[in-house]
Amino acid sequence: MNAEHDEARERAELGSLLPAPAEPELPADRHRLLRGHLMNEITEAPRPAPRRNRRFGRLALPALAGGLALAVVLADGGAGAPTAPPAAEGAPLNVAPVAVAKVLDHAAQVAESKPATAVTGGQFTYVKSLVAFSSMNAAAGAASDVTHDAPHQRELWLSVDGKQWGVLIEAGWKPVPAEPRGGKDKSRPGEPAPRADGGQWLEPNLRPGLNGPTYEYLAALPTDPETLLRKVYKETKGQGQTPDQEAFVTIGDLLREQLAPPAVSAALYRAAARIPGVSALDDAVDASGRHGVAVALVHGGVRTEWIFDRSSYEFLGEREVVVDTGNVWGAPGTVVGQTAVLGRGVVDAAGERPQR
């Protein structure tokens, strides 16, 4: 009885931070389905660290791999990388469940076993991945107007302290020019000259937060899972469709395209295990075709999956799958967003790649 009472009291305390569930938002006006990439067509310019508004697609934040050791590239993703499945390939809707706590605790143990790496403010975190997102004509809002990307490579460099310009290199990605201010030109103060490699400059991130962190911001997060989860709920209050969904999405963004010290990575996994409604699946596939176990949350008829290697429990990537009928994004089983982490590391300059 004491354990049940403590759990009820803890949930009640968390509930005091949460707003009443908002009416579900139709994602049709959000453009992409995976927060890390989301609003390419409807944002003014690329933000420093990713998260583009709604869950279905966002720019760069995608981060932290199952325990990432900072200066270590997890995988190469070169010529020998696995071939990615079509972006809209059907996914199984009913797969054998596995224990959420087991998966996330194993991932946390892997994370905290990584050696801490010295990182300085002038350096950059680097993440290489395969990504594919679905987009929709916001005005039409019908499944026939959905476009599914093919998996393509994405490389992201973010300033460790947020003071330097970052870089994004992604095939087919172009930022939307900012609107002129008071009749002035659209240039961004201090922006470096155009890059020869086609990379897009990302503005310095002088006000980091959970929705747009720097490495230094993440390093300062609490490492107690309950304290960290309270912070996530508090700082995302009023965002998203429900508090639990927004907390899951926020932590997922940090798992996709960021780096953090081992203890923080572990705390994020253990915090996620405390979110109501999270389940686990025995099989899921990332954008590169790698199979693994997954933890997932269903909301708005779409199941968001974080995928882990079933042996090492390293974070592999993320996938979003339609699970209900009549969904504007497609039939049940339609994959509307997928990523695969191919490498991570810390480098001295934006555009520089870690040595193997």
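Up top is the structure.
Bear in mind that the values here come from a model prediction, so they are computed numbers and not experimental data.

Cut-off values and rules
- Residues numbered from 1 in each chain as written.
- Predicted model: local features only at pLDDT ≥ 70, side-chain atom pairs only at ≥ 80, totals over all residues.
- Heavy atoms only, no water.
- Helix = DSSP H or I, 4+ residues; strand = E, 2+ residues; numbered from the N terminus.
- Buried < 20%, exposed > 50% of the residue type's maximum accessible area, 1.4 Å probe, protein only.
- Areas by Shrake-Rupley, 256 points an atom, 1.4 Å probe, with all protein chains shown as cover.
- Core = buried A, V, L, I, M, F, W, Y, C linked by side-chain atoms within 4.5 Å.
- Contact = heavy atoms within 4.5 Å.
- Salt bridge = Lys/Arg side-chain N within 4 Å of Asp/Glu carboxyl O.
- Phe/Tyr/Trp six-rings, centres within 6.5 Å; stacked < 30°, edge-to-face > 60°.
- Pairing = 2+ DSSP bridges.
- Expected span 1.5 Å × (residues − 1).
- Arc of directions from axis to C-beta.

Draft legend 1. Focus on the overall build of the protein. Tallying secondary structure elements over the protein gives 6 helices and 10 strands in all. Out of the 356 residues in the protein, the part that is buried amounts to 54%. Just so you have it, the protein exposes about 14,900 Å², and 52% of that area is on carbon and sulfur atoms.

Draft legend 2. View of the nonpolar core. Membership of the largest hydrophobic core comes to 39 residues, with the highest contact counts inside it found for Leu104, Ile251, Tyr269, Ile275, Val295, Trp306 and Phe308. Contributions of two or more residues to this core are made by helix H2 (100–112), helix H3 (215–219), helix H4 (225–235), helix H5 (243–256), helix H6 (262–272), strand S7 (291–299) and strand S8 (302–308). Not counting residues up to four positions away in its chain, the partners in contact with Val295 are Val100, Val103, Leu104, Phe248, Val278, Ser279, Ala280, Thr304, Glu305, Trp306 and Phe308. By size, the runner-up hydrophobic cluster in this structure holds 9 residues, among which are Phe124, Tyr126, Ile169 and Trp201.

Draft legend 3. Here's a closer look at the pattern of salt bridges. Applying the stated rule across the entire model yields 17 salt bridges. In this structure, the salt-bridge partner of Glu203 is Arg188, at a minimum N-O distance of 3.5 Å. With a gap of 15 residues between them, Glu203 in the loop between strand S5 (200–202) and H3 and Arg188 in the loop between strand S4 (166–170) and S5 connect regions that are remote in the sequence. Judged by relative accessible area, which is 14%, Arg188 ranks as buried. Linking Asp197 and Arg195 is a salt bridge whose minimum nitrogen-to-oxygen distance equals 2.9 Å. Salt bridges here are not isolated pairs; linked through shared partners, they connect Asp105, Glu112 and Arg270.

Draft legend 4. Region of the structure containing the packing of aromatic side chains. One pass over the structure, following the stated rule, counts 4 aromatic pairs. For the pair Tyr126 and Trp157, a centre-to-centre distance of 5.1 Å together with 50° between the ring planes defines the contact as tilted. Note that Tyr126 is positioned in strand S1 (residues 124–136) and Trp157 in strand S3 (residues 152–159), a separation of 31 residues in sequence. On the basis of relative accessibility, which here comes to 4%, the residue Tyr126 falls in the buried class. An aromatic cluster is defined as three or more aromatic residues linked by ring pairs; in this entry it consists of Tyr269, Phe308 and Phe315.

Draft legend 5. Local environment of the pairing of S8. Counting buried positions along S8 gives 7 out of 7 residues, so the element sits mostly inside the fold. Of the two faces of S8, the one carrying Val302, Thr304, Trp306 and Phe308 and the one carrying Arg303, Glu305 and Ile307 are both buried. One ladder, built from 7 bridges, connects S7 with S8; its direction is antiparallel. Looking across to S8, one finds that His299 is bridged to Val302. Linkage of S7 to S8, two consecutive antiparallel strands, is achieved through a turn of 2 residues, within which Gly300 is found at a positive phi near 60°. With 7 bridges joining them, S8 and strand S9 (residues 315–322) adopt antiparallel strand pairing. Bridged to Ile307 within S9 is Gly317. Count of turn residues in the S8/S9 antiparallel hairpin: 6 residues, of which Tyr313 carries a positive phi of about 65°.

Draft legend 6. H2, seen in detail. For H2, built from 13 residues, the straight-helix expectation of 18 Å at 1.5 Å per residue is met to within 8% by its first-to-last C-alpha distance of 18 Å. Where H2 is concerned, the buried positions are Val100, Val103, Leu104, Ala107, Ala108, Val110 and Ala111. For H2, the angular spread of the buried residues around the axis is 160°, confining them to a single face. The secondary structure elements touched by the buried residues of H2 are H6, strand S6 (279–285), S7 and S8.

Draft legend 7. Seen up close, the environment of Thr147. For Thr147, the location among the structural elements is in strand S2 (residues 146–148). The exposure class of Thr147 is partly exposed, given its relative accessible area of 44%. Linking Thr147 and Asn137, residues 10 residues apart in sequence, is a C-alpha distance of 8.6 Å. Setting aside residues no more than four positions away along its own chain, Thr147 makes contact with Phe133, Ser134 and Ser135.

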